[in-house]
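Observations on the three-dimensional arrangement
Each chain, written out:
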Amino acid sequence: MNKLKDTLYQHCLDYLDQRLKVCLDRIASVEDDLSSETKSSAGDKHETGRAMLQLEREKLGFQLATIEKEKEELQKIPLSVSSEKIRLGNVVKTTNKNYFIGISAGILKTENETYIAISPQSPIGQLILGKQVGDLVSFRGNSFEIEGIV
């Protein structure tokens, strides 16, 4: 496999692992709060507090499912496959910015370059998929050229 792809892939995996840890910690905290809620003389206040915690637990459950789905998608990326046209798993170098097509994980820095991890479903991802070296792309009023695909 390509060392650059491996590095960017690992950055994405670390990003998801960090999000997963934060989400699980928050779920544990909400579970603790729910189990320690005691009935008080202010019954309505107690019920409102429990309802808010239940909503928070549901929201965190949805976030957890989303993170797990992104991790599954990341693990399906074919890193060893190269192509002339931009596809999932490619590193794309342009005259403007550099991208890793995988999951949306923000800015990833290597020793000497910066990359943006994007999902193929993102607006820029949809725009550059299928393009090849030399193609010109316009996005939000900016034009750039595809310089390389790894």
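Now for a look at the structure at hand. (Residues numbered from 1 in each chain as written. Predicted model: local features only at pLDDT ≥ 70, side-chain atom pairs only at ≥ 80, totals over all residues. Heavy atoms only, no water.)

What about the nonpolar core?
Formed by 25 residues in total, the largest nonpolar core has its most connected members in Leu8, Cys12, Leu74 and Phe100. Contributing elements (two or more residues each) for this core: helix H1 (3-36), helix H2 (43-75) and strand S4 (114-118). Ranked by residues supplied to this core, first place goes to H1 with 11 residues. Dropping the residues within four chain positions of it, leucine 74 is found in contact with Tyr9, Cys12, Leu13, Leu16 and Ile103. (Core = buried A, V, L, I, M, F, W, Y, C linked by side-chain atoms within 4.5 Å. Buried < 20%, exposed > 50% of the residue type's maximum accessible area, 1.4 Å probe, protein only. Helix = DSSP H or I, 4+ residues; strand = E, 2+ residues; numbered from the N terminus. Contact = heavy atoms within 4.5 Å.)

Some details on the pattern of salt bridges
For the structure on display, the rule yields eight salt bridges. A salt bridge links arginine 57 to glutamate 31; the shortest N-O distance between them is 3.1 Å. Placement of the pair is arginine 57 in helix H2 and glutamate 31 in helix H1, with a sequence separation of 26 residues. Linked through salt bridges whose partners overlap, the residues forming this network are Arg26, Glu56 and Lys59. (Salt bridge = Lys/Arg side-chain N within 4 Å of Asp/Glu carboxyl O.)

Section: the layout of surface pockets
Here the idea is plain: a probe the size of a water molecule rolls over the atoms and shows the empty space left. Computed from the structure, the largest pocket encloses a volume of approximately 160 Å³. Lining the largest pocket are Lys3, Leu4, Thr7, Thr110, Glu111, Asn112, Glu113 and Tyr115. Among the elements that take part in the lining of the largest pocket, H1 stands out by supplying three residues, more than any other. (1 Å grid on protein atoms, 1.4 Å probe; cavity = no way out; pocket = protein on both sides within 12 Å on 5 of 7 lines; lining within 4 Å. Points joined across faces, edges and corners; volume = space filled by probe spheres on them.)

Things to note about the sheet that holds strand S5 (residues 136-139)
An order of S3-S4-S2-S1-S6-S5 is seen for the six strands of this open sheet, with the pairing classed as mixed. Each of the sheet's edge strands pairs with one partner strand only, and the pair in question is strand S3 (106-109) and S5. Between one strand axis and the next, the sheet turns by 40 degrees as a mean value, whatever way the strands run. Bridging between S5 and strand S6 (residues 142-149) involves four bridges; their strand directions are antiparallel. (Pairing = 2+ DSSP bridges. Axes fitted to C-alpha atoms, helices over the stretch in contact; angles between N-to-C directions.)

As for the side chain of asparagine 90
Position of asparagine 90 relative to the elements: it lies in the loop between H2 and strand S1 (91-94). By relative accessible area, which is 0% here, asparagine 90 ends up buried. Among the polar contacts listed, one links the side chain of asparagine 90 to the backbone nitrogen of arginine 87, at a separation of 2.7 Å. Excluding residues within four positions of it along the chain, asparagine 90 makes contact with Lys5, Val81, Ser83, Lys85, Tyr99, Phe100, Ile101, Ile149 and Val150. (Polar contact = N/O pair within 3.5 Å; in protein donor to acceptor, adjacent residues only side chain to side chain.)

With respect to the environment of isoleucine 149
Summarising the element assignment, isoleucine 149 is placed in strand S6. Linking isoleucine 149 and isoleucine 86, residues 63 residues apart in sequence, is a C-alpha distance of 6.8 Å. Contact partners of isoleucine 149, with chain neighbours within four places excluded, come to Ser83, Glu84, Lys85, Ile86, Asn90, Val91, Lys131, Gln132 and Val133.

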